[in-house]
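An overview of the molecular structure
Now for the letters of each chain:
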Amino acid sequence: MSNTQITRPLFDQIMVPNYAPLEMIPVRGEGSRVWDQQNNEYIDLTGGIAVNALGHAHPELIQALTEQAQKIWHVSNIYTNEPVLILAQKLVDNTFAEKVFFANSGAEANEAALKLARRVAFDKFGIDKTEIIAFYQGFHGRTFFTVTAGGQASYSDGFGPKPADITHLEYNDLSALEKVISEKTCAVILEPLQGEGGVLPITPAFAQGVRALCDKYNALMIFDEVQTGMGRTGQLFAYMGLGIIPDVVTSAKALGAGFPIAAMLTKACFAEHFTVGTHGTTFGGNPLACAVAGKAFDLINTEAMLNGVKHKEQLIRQHLQAINEEFSVFKEIRGAGLLLGAVLNEQYQDQAKAFFLESAKQGLLILVAGANVLRFAPALNISDDLIDQAMLKLKQAVKNIVNKDT
Ligand SMILES: *Cc1c(COP(=O)(O)O)cnc(C)c1O
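Only a predicted model underlies this, so the values are computations on that prediction, with no experimental measurement involved.

Things to note about the sheet that holds strand S17 (residues 373-376)
- If you trace the four strands from one edge of the open sheet to the other, you get S13-S14-S17-S16, paired in antiparallel fashion. Both edges of this open sheet fall to strand S13 (330-336) and strand S16 (367-368), since each of them pairs with a single strand only.
- As paired elements, S16 and S17 share two bridges and run antiparallel to each other. Its bridge partner lying in S17, Leu 367 is registered against Arg 375.

The following block contains the structure:
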């Protein structure tokens with residue numbers, strides 16, 4: 001098959017139609033720039049949906065991957081391996097966790113967390129403690145258990161009987177949780193900032209209230225940091241800025257900086273309930289993935305990188321506010337660190353996709369979160385200069401849409 005035959009229409013011919021990708025096909029990336037098949041250049045503020053924390057083709061990650069590729073790729077969990085132990089040690093040394101379980105995706109890390117919570121409750125309190133409390137607009141992945149825990153019924157409807165005993169409540173509403181949580185609750189699962197659900201931050205009072213209620217009812221507090229983890233909010237993990245310690249934290253997206261890997265972090269007293277044979281995965285803890293993630297961890301977990309995230313947050317916020325002063329399109333700018341959302345005002349309801357498409361025409365890649373929020377999740381190491389250039393393109397896209405409307 002020659003290169004010229006590999007075009008976007010081929011997607012519609014041979015791919016399962018569960019995605020609707022843009023017309024252009026990216027073929028190459030460097031830092032926060034991407035080029036398509038026609039060699040058009042784009043600035044990337046998507047970070048592969050909060051995955052490419054260090055941009056594209058980072059030389060030290062390439063080196064970590066190729067060095068490991070020449071040693072050993074895969075051994076299965078019949079053996080352990082050096083990269084997995086090195087990475088686990090870093091996670092244990094730098095977080096609340098005493099134990100780590102590796103998987104391949106955010107959904108799988110959350111699947112492990114939910115199964116662990118059910119197993120801990122079963123072992124310690126018997127068969128009745130099975131309720132999982134989760135929140136509307138939350139997102140935890142697409143396996144049937146995690147998508148059912150997610151707060152959008154439309155994602156889990158139409159696949160037959162759902163995993164049972166999952167209750168949904170309003171996010172950031174502590175009194176609702178107080179009324180519902182009980183001795184039957186084995187876990188409360190939530191994001192420290194709802195990413196897919198609209199870039200909605202948690203209130204510290206809610207995070208602390210969930211912690212207290214989980215303690216009171218012996219329920220595991222599961223913090224889904226698949227999107228917020230690994231420096232995204234300016235902390236290594238978002239829980240570190242909230243004055244609480246969860247019982248389980250899940251990480252994926254940026255953990256491998258573009259190589260698929262996920263982790264479930266927990267305390268020894270919970271981990272011990274996953275005895276030999278209770279849970280597992282073929283690829284989890286794969287040497288290639290762990291070698292890349294170990295290097296990414298070192299590059300992200302520095303004061304300079306994390307402070308840079310907070311600085312760049314301010315820079316993007318200033319630009320977005322300036323754009324809004326000129327064109328009055330946003331109701332609110334929200335989020336934390338380099339996970340920011342610009343919420344469209346009444347006049348532009350349900351038009352996030354239009355802003356996304358017009359931005360792409362200007363050579364700018366952004367994300368949406370639902371129909372009303374433009375989402376920005378650039379690489380943590382994007383330069384100030386490139387942010388300025390990106391915001392000029394966004395301004396032009398906004399201008400075009402506003403002018404079209406009048
Ligand atoms: C992306 C995401 C997931 C799912 O991760 P996958 O790797 O797609 O399975 C789970 N939770 C949150 C908060 C996410 O943002």
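With respect to the nonpolar core
- Among the nonpolar cores identified, the biggest contains 82 residues, and Leu 45, Leu 190, Phe 223, Phe 330, Phe 376, Met 391 and Leu 394 are the most heavily contacted of them.
- Setting aside residues no more than four positions away along its own chain, Leu 45 makes contact with Leu 364, Leu 365, Ile 366, Phe 376, Ala 377, Pro 378, Ile 382, Ala 390 and Met 391.
- Counting residues in each nonpolar core, the second largest holds 26 residues, with Phe 101, Ala 121, Ile 166 and Phe 270 among its members.

Comments concerning helix H3 (residues 59-69)
- Residues Leu 61, Ala 64 and Gln 68 constitute the buried set of H3. In an axial view of H3, the angular spread of the buried residues amounts to 60 degrees, which keeps them on one side of the axis.
- Tucked inside the fold, the buried residues of H3 contact helix H4 (82-94) and helix H11 (287-300).

Notes on the site of the ligand
- With respect to spatial proximity, the complete set of residues near the ligand consists of Ser 105, Gly 106, Ala 107, Asn 110, Phe 139, His 140, Gly 141, Glu 191, Asp 224, Val 226, Gln 227 and Lys 253.
- At 2.7 Å from an oxygen atom of the ligand is found a main-chain nitrogen or oxygen belonging to Ala 107.
- Backbone polar atom of Phe 139 to a nitrogen atom of the ligand: 3.2 Å apart, as the coordinates give it.
- Surface burial for the ligand is 81%, taken as the share of its 380 Å² of free accessible area covered by protein chains.
- The greatest single-element share of the shell around the ligand, amounting to three residues, is contributed by helix H5 (residues 106-125).

Section: the packing of H4 against H11
- Put simply, H4 and H11 touch, their axes get as near as 8 Å, and they point 35 degrees apart. For the pair H4 and H11, the crossing hand works out as left-handed. For the pair H4 and H11, contact is made by Pro 83, Val 84, Leu 87, Lys 90, Leu 91 and Asn 94 and by Pro 287, Cys 290, Ala 291, Ala 293, Gly 294, Phe 297 and Asp 298, respectively.
- Tallied by class, the residues present in the contact of H4 with H11 amount to nine nonpolar, two polar and two charged.

Rules of the game
- Residues numbered from 1 in each chain as written.
- Predicted model: local features only at pLDDT ≥ 70, side-chain atom pairs only at ≥ 80, totals over all residues.
- Heavy atoms only, no water.
- Pairing = 2+ DSSP bridges.
- Helix = DSSP H or I, 4+ residues; strand = E, 2+ residues; numbered from the N terminus.
- Core = buried A, V, L, I, M, F, W, Y, C linked by side-chain atoms within 4.5 Å.
- Buried < 20%, exposed > 50% of the residue type's maximum accessible area, 1.4 Å probe, protein only.
- Contact = heavy atoms within 4.5 Å.
- Arc of directions from axis to C-beta.
- Near = heavy atom within 4 Å.
- Polar contact = N/O pair within 3.5 Å; in protein donor to acceptor, adjacent residues only side chain to side chain.
- Areas by Shrake-Rupley, 256 points an atom, 1.4 Å probe, with all protein chains shown as cover.
- Axes fitted to C-alpha atoms, helices over the stretch in contact; angles between N-to-C directions.
- Left-handed = near helix turned anticlockwise from the far one by under 90°.
- Nonpolar A, V, L, I, M, F, W, Y, C, P; charged D, E, K, R; others polar.

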